[in-house]
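# Results of the structural survey
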Amino acid sequence: MTLAASVRASTSPNPWVGCVLSTGHEGATQPPGGPHAEAVALAAAGDAARGATLWTTLEPCSHTGRTGPCAEAVVDAGIARVVVGIEDPDRQVAGRGIERLRAAGIDVTVGVLADEVRAQLAPYVKHRTTGRPWVVLKLAATFDGRTAAPDGTSRWITGEAARVDAHRLRAESDAVLVGAGTVRADDPSLTVRHVEGRDPLRVVLGEAPAAAKVQPAMSYRGDLGELLHQLGDKGVLQLLVEGGASVAHDFHAAGLVDRYVVYLAPALFGGDDARGLFAGPGAATIDDVWRGRMVSVERVGDDLRVELERAS
């Protein structure tokens, strides 16, 4: 899984996969058009792969796309045993890679660390099973839950380490979305600058000025669910929603957020006139309050990074 994590920002729309052989050779999926994790590891091992055990986080593919089928490469290499984290939900694979391995007499075990692998590949799994991207809502606030002063000023609430971490999150996303109001107020470029990674597709709800730094951008007006389908059709596995407060509210209220990433700064506005995380009507009673679970809590510089998802 560490190998898979190391290529998280470079493989999309392919899944980020890691593979290790009992010979000590290993591999991770290369950028689109390059070899998959199994092929990298097998090429490194050469003849030493014969009779070895292969561990892979995702089922080896069984179809020919930009590269040949990994299941055939595993068979041809003479691997004796394969341990798989999870089946590939892509309908072009969906168990057929495992079937091919077993038909060749290879001992196959499926489901090792399955929960952890499924969590690591959550954007890929959601895209392949629903056609929609995994939606991450990124929020930054003071410890009393405020995002901007009454006069609208907001830079910078969090420290440099948190901003670098947010750029890592942007690099892992295929598209980043903001509202036209945020473009007019802050004129963000929404590019990846503080870490290595590709710039995501930039999406603006409404119209961005022609001279805005966010350009070129995709402008959209309409139903958010339909937008997710359009982005899924474009191969977007993960959409990062960055703001503003009205956009955050709309995605949250529609139940479209898969993961909330909240950066909390050790700062207090100390009043009720500063702006909150969401702009729009919230829960009317305590029974209607959104309930989630903490996925992780991590210190990033002087700030806290808290990840939330809906309670099951």
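Throughout this description, residue numbers start from 1 for each chain and increase along the sequence as written. Selection of residues for local features in this predicted model requires a pLDDT of at least 70, selection of side-chain atom pairs for listing and counting requires 80 or more, and totals for whole chains, interfaces and linings are taken over all residues. With hydrogens and water excluded, all non-hydrogen atoms of the structure serve as input to the side-chain values.

### Looking at a nonpolar patch on the surface
The patches described consist of residues with a relative accessible area above 30% and no salt bridge, like charges being joined within 9 Å and nonpolar side chains (Val, Leu, Ile, Met, Phe, Trp, Tyr) within 5 Å. The method behind every accessible area is Shrake-Rupley, applied with a 1.4 Å probe, and residues are considered shielded solely by the protein chains displayed. Every case where a carboxyl oxygen of Asp or Glu lies within 4 Å of a side-chain nitrogen of Lys or Arg is listed as a salt bridge. There is a patch of nonpolar side chains on the surface, built from Met-1, Val-112 and Leu-113 and spanning about 250 Å² of accessible area. Helix and strand assignments come from DSSP, with helices taken as H or I runs of at least 4 residues and strands as E runs of at least 2, each series counted from the N terminus. Following the sequence through the fold, Met-1 ends up in the segment before α1 (2-6).

### Notes on the sheet that holds strand β3 (residues 53-58)
Two strands qualify as a pair provided that DSSP identifies no fewer than 2 bridges between them. Across the sheet, five strands lie side by side as β2-β1-β3-β4-β5; this open sheet has mixed pairing. With one partner strand each, in any of the chains shown, β2 (26-28) and β5 (107-110) form the two edges of the open sheet. Across the sheet, the axes of successive neighbouring strands diverge by a mean angle of 15 degrees, strand direction being ignored. Sheet analysis places strand β1 (residues 18-21) next to β3, joined by three bridges and oriented antiparallel. Its bridge partner being in β3, Leu-21 is matched across the sheet by Leu-54. In this analysis, axes come from line fits to C-alpha atoms, helices being fitted only over the stretch in contact, and the angle between any two N-to-C directions falls in the range 0 to 180 degrees.

### A word on the packing of helix α3 (residues 70-77) against helix α4 (residues 96-103)
At their nearest, the axes of α3 and α4 sit 9 Å apart, and the two run at 20 degrees to each other. In terms of orientation, α3 lies roughly parallel with respect to α4. When you trace α3 past α4, the crossing you get is right-handed. Touching Ala-71, Glu-72, Val-74 and Val-75 of α3 are Gly-97, Arg-100 and Leu-101, all from α4. In these notes the angle categories are as follows: under 35 degrees is roughly parallel, over 145 is roughly antiparallel, 65 to 115 is roughly perpendicular, and the rest is oblique. What makes a crossing left-handed is the near helix being turned counterclockwise from the far one by less than a right angle; a clockwise turn instead makes it right-handed. Note on contacts: a residue pair is in contact if any heavy atoms of the two residues lie within 4.5 Å.

### Some points on the side chain of Arg-8
Checked against the element boundaries, Arg-8 lands in the loop between α1 and β1. Here Arg-8 sits buried without a salt bridge, and the closest side chain of opposite charge, Glu-172, lies 4.3 Å off (N-O distance). Whether a residue is buried, partly exposed or exposed follows from its accessible area with a 1.4 Å probe, protein chains only, as a fraction of its type maximum: under 20%, in between, or over 50%, in that order. The charge count includes Lys and Arg as positive and Asp and Glu as negative, but it does not include His or the ends of the chains.

### Some thoughts on the nonpolar core
Residues enter a nonpolar core if they are buried and are Ala, Val, Leu, Ile, Met, Phe, Trp, Tyr or Cys, with the set joined through side-chain atoms within 4.5 Å. One finds Leu-21, Leu-42, Leu-54, Val-74, Ile-79, Val-82 and Leu-121 to be the most contacted residues of the largest nonpolar core, which totals 31 residues. Elements represented by at least two residues in this core include exactly β1, α2 (37-45), β3, α3, β4 (81-86), α4, α5 (114-120) and α6 (122-130). Residue contributions to this core peak at four residues, all from α2. Look past the residues within four positions of Leu-121 in its chain and what remains in contact with it is Pro-15, Trp-16, Leu-58 and Ile-86.

### Section: the layout of surface pockets
Cavities and pockets are defined on a 1 Å grid built over the protein atoms alone: a cavity is a set of grid points where a 1.4 Å probe fits but cannot escape, while a pocket is an open set with protein on both sides within 12 Å along at least five of seven lines, and lining residues are those with an atom within 4 Å of any such point. Grid points are joined across faces, edges and corners, and a volume is the space filled by probe spheres set on the points. The volume enclosed by the largest pocket comes to roughly 1200 Å³. What lines the largest pocket is a set of 42 residues, and nearest its centre among them are Lys-138, Ser-154, Thr-182, Asp-186 and Glu-242. For the lining of the largest pocket, the secondary structure elements donating two or more residues are β6 (134-142), β7 (146-148), α7 (160-171), β8 (175-179), α8 (180-186), β11 (238-243), α10 (245-253) and β13 (275-276). Among the elements that line the lining of the largest pocket, the one with the most residues is α7, at five residues. Space inside the second largest pocket adds up to approximately 690 Å³. Around the second largest pocket, the lining is made up of 26 residues, and of these Ala-119, Gln-120, Glu-172, Arg-259 and Glu-307 lie nearest the centre. Of all the elements in the fold, those that place two or more residues in the lining of the second largest pocket are α5, α6, β6, α7, β12 (259-265), β14 (292-300) and β15 (303-310).

### Concerning the pattern of salt bridges
Evaluation of the coordinates by the stated rule reveals 15 salt bridges. A salt bridge links Glu-72 to Arg-100; its shortest N-O distance comes to 2.6 Å. Of this pair, Glu-72 sits in helix α3 while Arg-100 sits in helix α4; the two residues are 28 residues apart in sequence, bridging distant segments of the chain. Judged by its relative accessible area of 29%, Glu-72 is partly exposed.

### Details of the sheet that holds β14
Within the open sheet, the eight strands sit side by side as β10-β9-β8-β11-β6-β12-β15-β14. Their pairing is mixed. Every interior strand has two partners, whereas the edge strands, β10 (218-220) and β14, have only one. Shown here is a sheet whose adjacent strand axes are inclined to one another by a mean of 25 degrees, direction ignored. Across four bridges, β8 lies against β11 in parallel orientation.

### Quick look at unusual backbone geometry
Cis geometry is found at the peptide bond from Arg-155 to Trp-156, where omega equals -10 degrees. Within the secondary structure, Trp-156 is located in the loop between β7 and α7. In this structure, Pro-216 follows Gln-215 across a cis peptide bond, with omega equal to 0 degrees. Mapped onto the fold, Pro-216 is located in the loop between β9 (201-205) and β10. Located in the positive-phi region is Asp-187, a residue other than glycine, with phi close to 50 degrees. With respect to the helices and strands, the residue Asp-187 is situated in the loop between α8 and β9.

### Looking at the environment of Asp-88
Locating Asp-88 in the fold gives a position in the loop between β4 and α4. For Asp-88, a relative accessible area of 5% puts it in the buried group. When the C-alpha atoms of Asp-88 and Pro-15 are compared, they prove to be 9.5 Å apart, with 73 residues separating the residues in sequence. Think of a polar contact as two N or O atoms within 3.5 Å of one another; within protein, one of them needs to be a possible hydrogen donor and the other a possible acceptor, and neighboring residues in sequence only count if both atoms come from side chains. Engagement of the side chain of Asp-88 in a polar contact is seen with the backbone nitrogen of Asp-90, the distance being 2.9 Å. Within the structure, the side chain of Asp-88 is placed 2.7 Å from the side chain of Tyr-124, a separation counted as a polar contact.

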